[in-house]
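Descriptive analysis of the structure
Listed here are the chains, written in short residue letters.
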Amino acid sequence: MIRRPPRSTPKPSSAASDVYKRQDVRFRQRPRLTTACGSRRRAQVLLGDMGAGKSSLVLRFVKGQFHEYQESTIGAAFLTQTVCADDRTIKFEIWDTAGQERYHSLAPMYYRGAAAAIIVYDIQSQSSFARAKSWVRELQKQGNAALVMALAGNKCDMEEKREVEREEAEAYASENGLFFMETSAKEALNVTELFHEIAVKLPKAPTPTNGPGVVLTNQNRTPQKSQCC
Ligand code: GTP
Ligand code: MG
């Protein structure tokens, strides 16, 4: 379900607040770029095919958890995590978008305000890789040259079912100026490294960004089985 917050009072209704607390999804307004303690706030968006593992990567990064039956995201979820990179502290405000096609038209609200984007595909699926490429094209078209883009080939623990060769993805990434890593949210492989590398690549002086105007929420739905099992 898509929820639109009232313009002046960014506070969840009591009916929705449990869902928001449980899933760390919060109403928000346009972000300020510096927190009280001096760390930078930088918006980040995850894009990719349904089931590629976007939510699992974020959950692993933020909470150190993995769910075998991760719920499919409805709209988008919002989480935060602070990273220390070089001499900087960066508070990532992470928008984990829904991969289902019916939410595609909402994605610009999230990537337009982002300083970084992680495009995720499942190494077990050529169609998921093709979807990742189409996200890259869409981001390139919107013309934000300062956007740091990373390509993550997730589920690299599933080597025996691999469809997308590492070399193929590496070559694509380098042709398109993307930073590339294979990851496993399940085995916690390269997840912290991925986010850390993005933090390092972010320019030191952030350009002001427009936060999304509409906030969406995750909701419970039938558990989705892993594509790989
Ligand atoms: P949408 O929200 O529908 O767009 O999907 P998503 O990209 O957020 O994928 P999600 O994190 O929900 O993961 C989909 C399924 O893949 C879940 O069953 C996860 O448990 C599984 N999964 C995620 N990451 C990994 C991984 O690294 N390895 C393996 N083996 N399974 C994974
Ligand atoms: Mg998800």
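In the block above lies the structure referred to throughout.
The text that follows walks through the structure, step by step, so that each part is easy to find.

A look at the site of ligand 1
What surrounds ligand 1 is a group of 27 residues, the closest being K54, S56, S72, T73 and G99. G53 has a polar backbone atom sitting 2.9 Å from an oxygen atom of ligand 1. Interatomic distance of 2.8 Å between a backbone N/O atom of E68 and an oxygen atom of ligand 1. Relative to its free-state accessible area of 650 Å², ligand 1 is covered by the protein chains to the extent of 100%. If one sorts the elements of the shell around ligand 1 by residue count, helix 2 (residues 54–63) sits on top with 3 residues. Residues of the shell around ligand 1, tallied by class, amount to 7 nonpolar, 13 polar and 7 charged.

A few points about the coordination of the magnesium ion (ligand 2)
At the metal site, the magnesium ion (ligand 2) is ligated by S55 (OG) and T73 (OG1), and these contacts range over 2.0 to 2.1 Å. On the criterion of sequence distance, the pair formed by S55 in helix 2 and T73 in the loop between helix 2 and strand 3 (76–85) is long-range, its members being 18 residues apart. On the basis of relative accessible area, S55 is assigned to the buried category, the value being 13%. Judged by relative accessible area, which is 5%, T73 ranks as buried.

Some details on a negative patch on the surface
A cluster of like negative charges, contributed by E165, E167, E168 and E170, occupies part of the molecular surface. Among the structural elements, E168 can be located in helix 5 (residues 166–175). On the accessibility criterion, E168 (33% relative accessible area) is partly exposed.

Overview of the sheet that holds strand 5 (residues 116–122)
Reading across the sheet, the 6 strands line up as 3-4-2-5-6-7 and stay open at both edges, with mixed pairing between neighbours. Looking at which strands have only one partner, the edges of the open sheet turn out to be strand 3 and strand 7 (179–182). Across this sheet, the average inter-strand angle for adjacent strands is 25 degrees, counted without regard to direction. Where strand 3 and strand 4 (residues 88–97) come together, 10 bridges link them in antiparallel fashion. Bridged to F78 within strand 4 is W95. Here helix 5 sits on the sheet and contacts strand 5, strand 6 (148–154) and strand 7; the angle it forms with strand 7, its principal contact strand, is near 165 degrees. Along the sheet, helix 6 (residues 191–201) makes contact with strand 2 (40–48), strand 3, strand 4, strand 5, strand 6 and strand 7, crossing strand 4 at roughly 120 degrees.

Topic: the side chain of S56
Tracing the backbone shows S56 in helix 2. A relative accessible area of 10% means that S56 is categorised as buried. In contact with S56, other than residues within four places in its own chain, are Q65, F66, Q70 and A185.

Focus: helix 4 (residues 126–141)
If you check helix 4, its first and last C-alpha atoms are 23 Å apart, about what 16 residues at 1.5 Å a residue would give, namely 22 Å. Those residues of helix 4 lying buried are S128, F129, R131, A132, W135, V136, E138 and L139. Looking one or two places after helix 4, you find G143, whose phi comes out positive at around 75 degrees.

Conventions used here
Residues numbered from 1 in each chain as written. Chains lettered and ligands numbered in written order. Predicted model: local features only at pLDDT ≥ 70, side-chain atom pairs only at ≥ 80, totals over all residues. Heavy atoms only, no water. Near = heavy atom within 4 Å. Polar contact = N/O pair within 3.5 Å; in protein donor to acceptor, adjacent residues only side chain to side chain. Areas by Shrake-Rupley, 256 points an atom, 1.4 Å probe, with all protein chains shown as cover. Helix = DSSP H or I, 4+ residues; strand = E, 2+ residues; numbered from the N terminus. Nonpolar A, V, L, I, M, F, W, Y, C, P; charged D, E, K, R; others polar. Donors = N, O, S within 2.8 Å, 3.2 Å for Na, K, Ca; no water. Buried < 20%, exposed > 50% of the residue type's maximum accessible area, 1.4 Å probe, protein only. Patch = residues over 30% accessible without salt bridge, like charges linked within 9 Å, V, L, I, M, F, W, Y side chains within 5 Å. Salt bridge = Lys/Arg side-chain N within 4 Å of Asp/Glu carboxyl O. Lys, Arg positive; Asp, Glu negative; His and termini not counted. Charge placed at Lys NZ, Arg CZ, Asp CG, Glu CD. Pairing = 2+ DSSP bridges. Axes fitted to C-alpha atoms, helices over the stretch in contact; angles between N-to-C directions. Contact = heavy atoms within 4.5 Å. Expected span 1.5 Å × (residues − 1).

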